[in-house]
Amino acid sequence: MAGLADSGSNPDVDLLYDINGLAKAAPPWFDRIMEFVGEYGLLFAMVLLVLWCWWTVRRRGGEDAAPSVAALAWAPLAAGVAVLVNVPIRGFVERPRPFNDHEGLEVLVDGKTDYSFVSDHATITMALAVGLFVANRKFGLVGLGIALLEGFCRVYMGVHYPTDVVGGLALGTAVALLLSPLAMALLTPVARAVERSPRAGWLIRARGRHHTEESRVATGTRNGAPGAEERDLAA
């Protein structure tokens, strides 16, 4: 696999130079922004997006609140599992960072001594995005956009080949999707149990909405119960 990067005529290397060349042409202040965004900013944005989705699901309530929160809980778990899966992949492939084999790259982050394939940042953001998509499609689409932007930033920064990013996006997607049925089967009952808890129920739905819906159900049951009309008339 490492030999894929040896030839300058390789499309992977050509695309690396094309994207990283944008960093050379950009002013230093813009590169500093891209360095922060690619290293920390987009990961933080994904975490905020997951929390925002959780807050929205919680406020809306409804019968799908518990499954949605379970899917949101799976998103960070999927990211963690994907990173663990990546450990043996990196050790098997042993692909050096692009700046170790190619001169003239504008490297925005120093101290990268581990292997390049596959990108952890791309893997994490895509796993979070796919898990988010399972919970809520609108938020998931935004997350997918963030994951793609993260992949672009990693190549722009000169720390990954494009195929490192593609591999990370594929790995994050595979883990989040393939293990999603099992994860939902395990996490949904837990979320429903939390929903019924007097102390922790607010994690699934807002307290006020929970009590309001219970009151509506109780009222509907009384009004719709057999003989309810006769009892009212008799009173």
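What you see is a predicted model, and the numbers here were worked out from it, not measured in a lab.

A few points about the overall build of the chain
The helix and strand inventory of the chain stands at 10 helices and 0 strands. Ordered by position from N to C terminus, the α and β elements of the chain give α-α-α-α-α-α-α-α-α-α. Counting across all 235 residues of the chain, residues that qualify as buried make up 43%. Looking at the chain alone, contacts between residues at least 24 apart form 79% of all its contacts between residues at least 6 apart. Here the chain displays about 12500 Å² of accessible surface, and carbon together with sulfur accounts for 67% of that area.

Here we look at the side chain of Asp-12
With respect to the helices, strands and loops of the structure, Asp-12 is situated in helix 1 (residues 11-25). For Asp-12, a relative accessible area of 8% gives the class buried. Here Arg-95 takes part through its side chain, which lies 2.8 Å from a polar atom of the side chain of Asp-12. Filtering out sequence-adjacent residues up to four positions away, Asp-12 remains in contact with Arg-95, Tyr-161, Pro-162 and Thr-163.

Remarks on the packing of aromatic side chains
For the coordinates displayed, the defined rule picks out 7 aromatic pairs. Seen from their ring centres, Trp-29 and Phe-30 are 6.0 Å apart, and the 90° between their planes marks the pair as edge-to-face. Residue classification places Phe-30 among the partly exposed residues on the basis of a relative accessible area of 33%. Each residue in the set Trp-29, Phe-30, Phe-152 and Tyr-156 is aromatic and connected to the rest through ring pairs, giving one cluster.

A look at the confidence of the model for the chain
A low pLDDT means the predicted coordinates there should not be read in detail. In this model, the chain carries an average pLDDT of 84, and 84% of its residues clear a pLDDT of 70 or more. In this model residues 1-8 is a low-confidence stretch, pLDDT under 50, and it forms 16 contacts with partners more than four residues away in sequence or in other chains. Across residues 210-223, where pLDDT falls below 50, the model places 8 contacts with residues more than four positions away in sequence or in other chains.

So, the pattern of salt bridges
Where side chains of opposite charge bring their charged atoms close, a pairing between them can arise. One pass over the structure, following the stated rule, counts 9 salt bridges. Here Lys-112 ties to Glu-39 by a salt bridge, and the two come within 2.9 Å at their closest N and O atoms. Of this pair, Lys-112 sits in the loop between helix 4 (98-101) and helix 5 (120-135) while Glu-39 sits in helix 2 (residues 28-60), and the two are 73 residues apart along the sequence. Assigned by exposure class, Lys-112 and Glu-39 land together as buried. Measuring nitrogen to oxygen at the nearest pair gives 3.7 Å for the salt bridge that ties Asp-64 to Arg-60. Residue class for Asp-64 comes out partly exposed when judged on its relative accessible area of 38%.

The rules behind the values
- All residue numbers refer to positions counted from 1 along the written sequence of the respective chain.
- In keeping with the predicted nature of the model, local features appear solely for residues at pLDDT of at least 70, side-chain atom pairs appear and are counted solely at 80 or more, and the whole-chain, interface and lining totals rest on all residues.
- Just so you know, side-chain values use all the structure's heavy atoms and leave hydrogens and water out.
- For helices the rule is a DSSP run of H or I covering at least 4 residues; for strands it is a run of E covering at least 2, with both sets numbered from the N terminus onward.
- Using a 1.4 Å probe on the protein chains alone, a residue whose accessible area is under 20% of its type maximum counts as buried, one over 50% counts as exposed, and one in between counts as partly exposed.
- Contacts are residue-level and defined by heavy atoms, with any inter-residue pair within 4.5 Å sufficient.
- To be clear on the numbers: accessible area is Shrake-Rupley with a 1.4 Å probe, and residue cover counts the displayed protein chains and nothing else.
- We call two N or O atoms a polar contact when they sit within 3.5 Å, provided that within protein one can donate a hydrogen and the other can accept it, with sequence-adjacent residues counted only if both atoms are side-chain atoms.
- In this scheme Phe, Tyr and Trp rings, the latter by its six-membered ring, pair at centre separations within 6.5 Å, and the angle between planes marks the pair as stacked below 30 degrees, edge-to-face above 60, and tilted otherwise.
- Confidence scores per residue from the predictor, reported as pLDDT, run from 0 to 100.
- Salt bridge, as applied in this entry: a Lys or Arg side-chain nitrogen positioned within 4 Å of an Asp or Glu carboxyl oxygen.

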